[in-house]
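Each chain, written out:
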Amino acid sequence: MLSFIDIRPAVMTAMEDVFPPEQQLVCEWYTPSLNKTLAFLRAFGFEVLREEANHFAELGWKSKSRLMVEQVDAFLANQNEFGYRGYCGNIRVLVPDVDAVYKIAMQTEGAVILKELGDRYYGFRDFTVGGPFGLALRFSSPLSA
């Protein structure tokens, strides 16, 4: 029988010696169309840092954070009659002016506002925009104190 062993102290100390904290957690999205997904992400300011054989890309956000996107043909096998299984979460991106990003979202082809721009009880003004193939981004700015 397996039991939980807390390896956090040993692993986290070792990880911080090798990689800074902002590089330890990297999200990767699967998509059936790398080109459509990259066009969507570029519209919001993501920068393509590396693209490999039209099936994988590494993107940067403000030169610190990374997002990986991979074209996976098996994604198509999991589609339903609506074309995809839907949104399964989002990635929050902190920006200094969420209202300006919202204006971009309103003009971006394929963007769907999933959660309208508004002040939230958790201290942020934000909105969530859905893009191709279940890709969702939540742009946020802290509310003034």
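Refer to the structure printed above.
No experiment lies behind these values; they were computed from the predicted model shown.

Enquirer: Break down the sheet that holds strand β6 (residues 112-119) for me, with residues and values.
Expert: Within a sheet, adjacent strands bond to each other through the backbone by hydrogen bonds, running parallel or antiparallel. Taken together, four strands build an open sheet; the order of strands is β5-β8-β7-β6 and the sheet is mixed. Every interior strand has two partners, whereas the edge strands, β5 (91-94) and β6, have only one. For this sheet the average axis-to-axis angle between neighbouring strands, irrespective of direction, equals 20 degrees. Here strand β7 (residues 124-130) pairs with strand β8 (residues 136-142) via seven bridges, running antiparallel. Residue pairing for β8: D126 is matched across the bridge by S140.

Enquirer: Which residues make up the nonpolar core, and what are the values?
Expert: Across soluble globular proteins, you tend to see nonpolar side chains buried next to one another. The biggest cluster of nonpolar side chains holds 23 residues, and the ones touching the most others in it are L41, L137 and F139. Only α2 (34-43), β3 (56-61), β4 (65-71), α4 (98-107), β7 and β8 provide two or more residues apiece to this core. Aside from chain neighbours lying at most four places away, what touches F139 is F44, W61, V93, V95, V98, V101, R125, D126, F127 and V129.

Enquirer: I'd like to hear about the sheet that holds strand β2 (residues 47-52), residue by residue, with values.
Expert: The strand order across the open sheet built from four strands is β1-β4-β3-β2, with neighbouring strands paired in mixed fashion. Bordering the open sheet on either side are β1 (27-31) and β2, each of which pairs with just one other strand. Each strand axis lies, on average, 20 degrees off the axis of its neighbour in the sheet, ignoring direction. Each of β1, β2, β3 and β4 is contacted by α2, which is oriented at about 165 degrees to β2, the strand it contacts most.

Enquirer: Summarise the environment of A111; cite the residues concerned and give the values.
Expert: Residue position: A111 is located in the loop between α4 and β6. For the pair formed by A111 and P132, sequence separation is 21 residues and the distance between their alpha carbons is 7.7 Å. Once residues lying within four places of it in the same chain are set aside, the contact partners of A111 are F40, A105, V129 and G130.

Enquirer: Now, about the pattern of salt bridges: what can you tell me, with residues and values included?
Expert: Going through the model one piece at a time under the given rule, you end up with seven salt bridges. Salt-bridge contacts for E52 lead to R50; the nearest nitrogen and oxygen are separated by 2.3 Å. When its relative accessible area of 34% is taken as the criterion, R50 is described as partly exposed. Its salt-bridge partner being R50, residue E58 comes within 3.0 Å of it at the nearest N-O pair. Given a relative accessible area of 14%, E58 falls into the buried group. Connected through shared salt-bridge partners, R50, E52, E58 and R66 make up one network.

Enquirer: How would you explain the pairing of β8 if you had to name every residue and give the values?
Expert: When you tally the buried positions in β8, you get six out of seven residues, the bulk of the element. As paired elements, β5 and β8 share four bridges and run parallel to each other. Bridge pairing in β8 places L94 opposite S140. Counted along the chain from β7 to the antiparallel partner β8, the turn is five residues long, and its residue F133 has a positive phi close to 60 degrees.

The rules behind the values
- Residues numbered from 1 in each chain as written.
- Predicted model: local features only at pLDDT ≥ 70, side-chain atom pairs only at ≥ 80, totals over all residues.
- Heavy atoms only, no water.
- Pairing = 2+ DSSP bridges.
- Helix = DSSP H or I, 4+ residues; strand = E, 2+ residues; numbered from the N terminus.
- Axes fitted to C-alpha atoms, helices over the stretch in contact; angles between N-to-C directions.
- Core = buried A, V, L, I, M, F, W, Y, C linked by side-chain atoms within 4.5 Å.
- Buried < 20%, exposed > 50% of the residue type's maximum accessible area, 1.4 Å probe, protein only.
- Contact = heavy atoms within 4.5 Å.
- Salt bridge = Lys/Arg side-chain N within 4 Å of Asp/Glu carboxyl O.

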